[in-house]
Every structure is written in structure tokens, then in C-alpha cells.
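# Results of the structural survey
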Amino acid sequence: MTILDTGADSAIALVERHAAHNYSPLPVVAASAEGAWITDVDGRRYLDCLAAYSAVNFGHRHPEITATAHAQLDTLTLVSRAFHADNLGPFCAALARLCGKDMVLPMNSGAEAVESALKVARKWGADVKGVPSGQANIIVADNNFHGRTISIVSFSSDPAARDGFGPFTPGFRSVPFGHAAALARAIDDNTVAVLLEPIQGEAGIVVPPDTYLPTVRALCTEHNVLLIADEIQSGLARTGYTFACDRWGVVPDVYLLGKALGGGVVPLSAVVADRDILGVLHPGEHGSTFGGNPLAAAIGTTVVDLLERGEFQARSAELGEHLHRRLRGLIGEGVVAVRGLGLWAGVDVDPALGTGKDISLRLARRGVLVKDTHGSTLRFAPPLVVTEQEIDWAIDQFAAALREACA
Ligand SMILES: Cc1ncc(COP(=O)(O)O)c(C=O)c1O
């Protein structure tokens, strides 16, 4: 008997007993998925309004992505970077072209891409900018989320991410998000980079003022500081643009990509920049056994191909307006505020109606899967293949769940 044959309760009990308790999932046990829909072990269907934190932007099991994966599984999956694989170069060339840059450093998880960029920025500071060894500083924003490694949580402002995990990595300065003047004051001669999410995801889909990113771009250029855009959650069509930075016409020096780059199939992340930046890495100075493996490279190439057609960006822009209009219609009906861009919305629910988790549970019972973030904030981020009718149905369920919570 397989684990899932024993039913949802047993599957959850096994996870509780044998998996580390670093997550607190909703009691939904997925067995299969297609497009924007997930089916659980009891055959119940749910509209996925999380899309694996935007890793499933193109929908579950997108036919072109699964066809690529199947074909690659039958030819070559892993050789490590000790040898060449025939599809790594084409993947890097395609992704670099999409980003308008020269080079790609392929990694696996998002956190690894961020860590890699921090190393690249420090090395660039030492080799190119001439910052004295060990003196570099990197500016980040309060309430950031860039992953879970020791160096990354070293500059988190979330106590749950940090408490008990010290000692921390030095060399970071955190300033309020959205305030260019505060960022300007934090820059000194030893600043090598500014690392930002163009729109803060885990903080609740926080969109900065329109002048913010262009001003930060200008400051970085003026002070010879690298602007690193963490587009791991905001990028690859989620906001209606290929990169959220495009919304403000801003071109960072370094793009960090992950999540949807792996097509919802494999972990694949990347640091993308020009040669004068990524060229600071030499053999032996950085690496990853699985980074850019042939299976990931094949899938990543198909993902770039899908993005180059522009169809997903257009869907996200158009349907995103509809999603935001419908959500704003619930302000005063249990919703306090709605933020976001494209098919990516952060919704603050009146705390009197319960926590975000309470509302997520009510929604799951009604067949809609969302994820709470801090306190009473929910995020809606369906796969970009979702239809307008499905969005309407999900919002109707949300309205009903809010009425239920009021009763
Ligand atoms: C903006 C951002 N950066 C980095 C990460 C870390 O990605 P991963 O979980 O793949 O390490 C995340 C994950 O949510 C993210 O949202």
C-alpha cells in the first residue's frame, strides 16, 4: 500500500511524525494537479491561488514543459560542471538574452542565487571597486525576504527567521523599504551593492512608490554600487512584466531568478549579469554540483521560450486588473487593504474576522487554496493560466468565507 492510499489523515500524520516541523501547512493533501487546479487524495478539487509561491507561474504540468522534461530524462540528466553538457550553453545564452545581459551563473534554490550574488558583489567590490578586504557592506531593505541561509537571515527583520540562529554574518545595513533618502544616507565608500525585492513578496506584496526604484538606480550608478534585483518571486511574468523592474523602466546590474525558472518541475535559479560583474568568478571560487544540470537547463530553456512569446505577461497584466478590481470591491466587507501588481495580490483582512490562517482554512473548505503571510494578510497568486471565470469564482468564495467569519 502506498502512503497516499491510507488517506489524507494518515498522510498528514506521517508528515507530522517524520518531517521536520518547519512548515505549518493547510490540511490538504495533493495527489495530482493540472493547470490552475489541484486534486487531493480524496478526489476533491481546489483552485490553486498560491502557485507554489510563484514557482508554478505557467500552470501545473504545462504541456511544453513536461514534454521537455520527459525528453531530457530519456537522454541526459546530470554530469556536474566537471564536464560540458550540450544544452548548458544554449540555456545560458537564452536566459542572458531575456535579461539583456552577458552571462548566467546557474544555481538551484532561490537562497543559493542570493548567496551567490552576495559573494559576487563582495568579490566585485574587492577586485573592481577596490574596497579593502573584509570591509564591504551591502544595503538591504527592512522586512525583506531573500531566503533562509545563515547569511540571508543575518539581515532579516523577522524575529522568527533569526531567533536562535546566531551568530550572524556581518556586513549588511538595513534601511526602510520605499525610502530612497534613507538608502542614500546608508551608502558609503565601502558599499558594494544594494539588494532589493522590487516588490516585497513575503512582507505582503508591498509595492514601493513609483519614484523609488528609479531613484535607487540613479544612486547606485552615481556611487558605483551594484543594484541587485531579487526577482525570484516577482519575476518571470508574475506582475504582468517579464521582470517587476520593467514596470519602472529600471535595469538592475544583477537579476536574481528562481522559482518559475524551473517550470514547477525542478529547482533552478540563476544570477544574471554582465561580464564585468560575473567575470570576477574564476574556477574553484564558486560552484554547485547540480547547478545548471541538463534536466534543469532543458526546462529553463523552454521557460525562456514561453516568456519570449509574451503571452503570460499579457495574461497576468489583463487578468491582474480584474483580480484587483474584484478584491478592491471587498474593501469594507471584511477586507481592509489590497496591494500588488498583475496576478499577485496582498489582501489585508480585518483582524476581527480571524487570522490569515483562519481565513485560508475557510477558503480551503470552499475549494480555494491561498497562503497567509504575516498576521491577517493573504496572498493571491494563481498560476497565470487561470481564467477570468475562475478568478470570479475564487473571489465569490472569498466573499462568502468573509461573511461566514463575520457571522
Ligand atoms: C524574493 C525571494 N527571494 C528568495 C527566496 C528564496 O527562494 P528558495 O525558497 O527557493 O530558496 C524567496 C522564496 O520565497 C523569495 O520570495
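Everything below is about the structure shown above.
Residues numbered from 1 in each chain as written. Predicted model: local features only at pLDDT ≥ 70, side-chain atom pairs only at ≥ 80, totals over all residues. Heavy atoms only, no water.

On to the packing of helix α4 (residues 88–99) against helix α11 (residues 294–308). Each pair of packed helices can be summarised by the angle the axes make with each other and by the distance between the axes. In the contact formed by α4 and α11, the axes pass within 9 Å of each other and the chain directions differ by 30 degrees. Comparing their axes, α11 and α4 come out roughly parallel. For the element pair α4 and α11, the recorded crossing hand is left-handed. Each of Leu-88, Phe-91, Ala-94, Leu-95, Arg-97 and Leu-98 in α4 lies in contact with α11, whose residues at this interface are Ala-297, Gly-300, Thr-301, Val-304, Leu-307 and Glu-308. When grouped by side-chain class, the residues that make up the contact of α4 with α11 number 8 nonpolar, 2 polar and 2 charged. (Axes fitted to C-alpha atoms, helices over the stretch in contact; angles between N-to-C directions. Helix = DSSP H or I, 4+ residues; strand = E, 2+ residues; numbered from the N terminus. Parallel < 35°, antiparallel > 145°, perpendicular 65-115°, else oblique. Left-handed = near helix turned anticlockwise from the far one by under 90°. Contact = heavy atoms within 4.5 Å. Nonpolar A, V, L, I, M, F, W, Y, C, P; charged D, E, K, R; others polar.)

The mixed open sheet is built from 7 strands, whose spatial order is β4-β10-β9-β8-β7-β5-β6. Each of the sheet's edge strands pairs with one partner strand only, and the pair in question is β4 (103–107) and β6 (172–175). Along the sheet, successive strands turn relative to each other by an average axial angle of 20 degrees, direction set aside. By the bridge criterion, 5 bridges tie β4 to strand β10 (residues 269–273) in an arrangement that is antiparallel. (Pairing = 2+ DSSP bridges.)

Turning our attention to the sheet that holds strand β15 (residues 377–380). What the 4 strands build is an open sheet, ordered β11-β12-β15-β14; its pairing is antiparallel. Strand pairing shows two members of the sheet lacking a second neighbour, β11 (335–340) and β14 (371–372), which therefore form its edges. Where β14 and β15 come together, 2 bridges link them in antiparallel fashion. Among the inter-strand pairings, Lys-371 is bridged to a residue of β15, identified as Arg-379. Taken strand by strand, helix α12 (residues 311–328) contacts β11, β12 (345–349) and β15, and its axis lies near 165 degrees from that of β11.

Looking along the chain, the bond that leaves Gly-166 and enters Pro-167 is cis, with omega of 5 degrees. Tracing the sequence through the fold places Pro-167 in the loop between α7 (159–162) and β6. Of note, Tyr-53 is a non-glycine position whose phi angle comes to about 55 degrees, a positive value. Here Tyr-53 falls in the partly exposed class, since its relative accessible area comes to 23%. At Ala-237, a position not held by glycine, the phi torsion is positive, near 85 degrees. (Buried < 20%, exposed > 50% of the residue type's maximum accessible area, 1.4 Å probe, protein only.)

A full pass over the atoms with the stated rule returns 15 salt bridges. Glu-308 serves as the salt-bridge partner of Arg-97, at 3.1 Å between the closest nitrogen and oxygen. With Arg-97 in helix α4 and Glu-308 in helix α11, this pair connects stretches of sequence that are 211 residues apart. Using a relative accessible area of 54% as the deciding quantity, one classes Arg-97 as exposed. With a relative accessible area of 38%, Glu-308 lands in the partly exposed category. For the salt bridge of Asp-396 with Arg-326, the shortest nitrogen-to-oxygen distance reads 2.9 Å. Here Asp-396, found in helix α14 (residues 388–406), pairs with Arg-326, found in helix α12; they are 70 residues apart in sequence, far enough to count as distant. Given the relative accessible area of 26%, Arg-326 is considered partly exposed. Each of the salt bridges in this network shares a partner with another, and the network as a whole consists of Glu-64, Asp-305 and Arg-309. (Salt bridge = Lys/Arg side-chain N within 4 Å of Asp/Glu carboxyl O.)

Everything listed here is a matter of geometry and, on its own, says nothing about what the molecule does.
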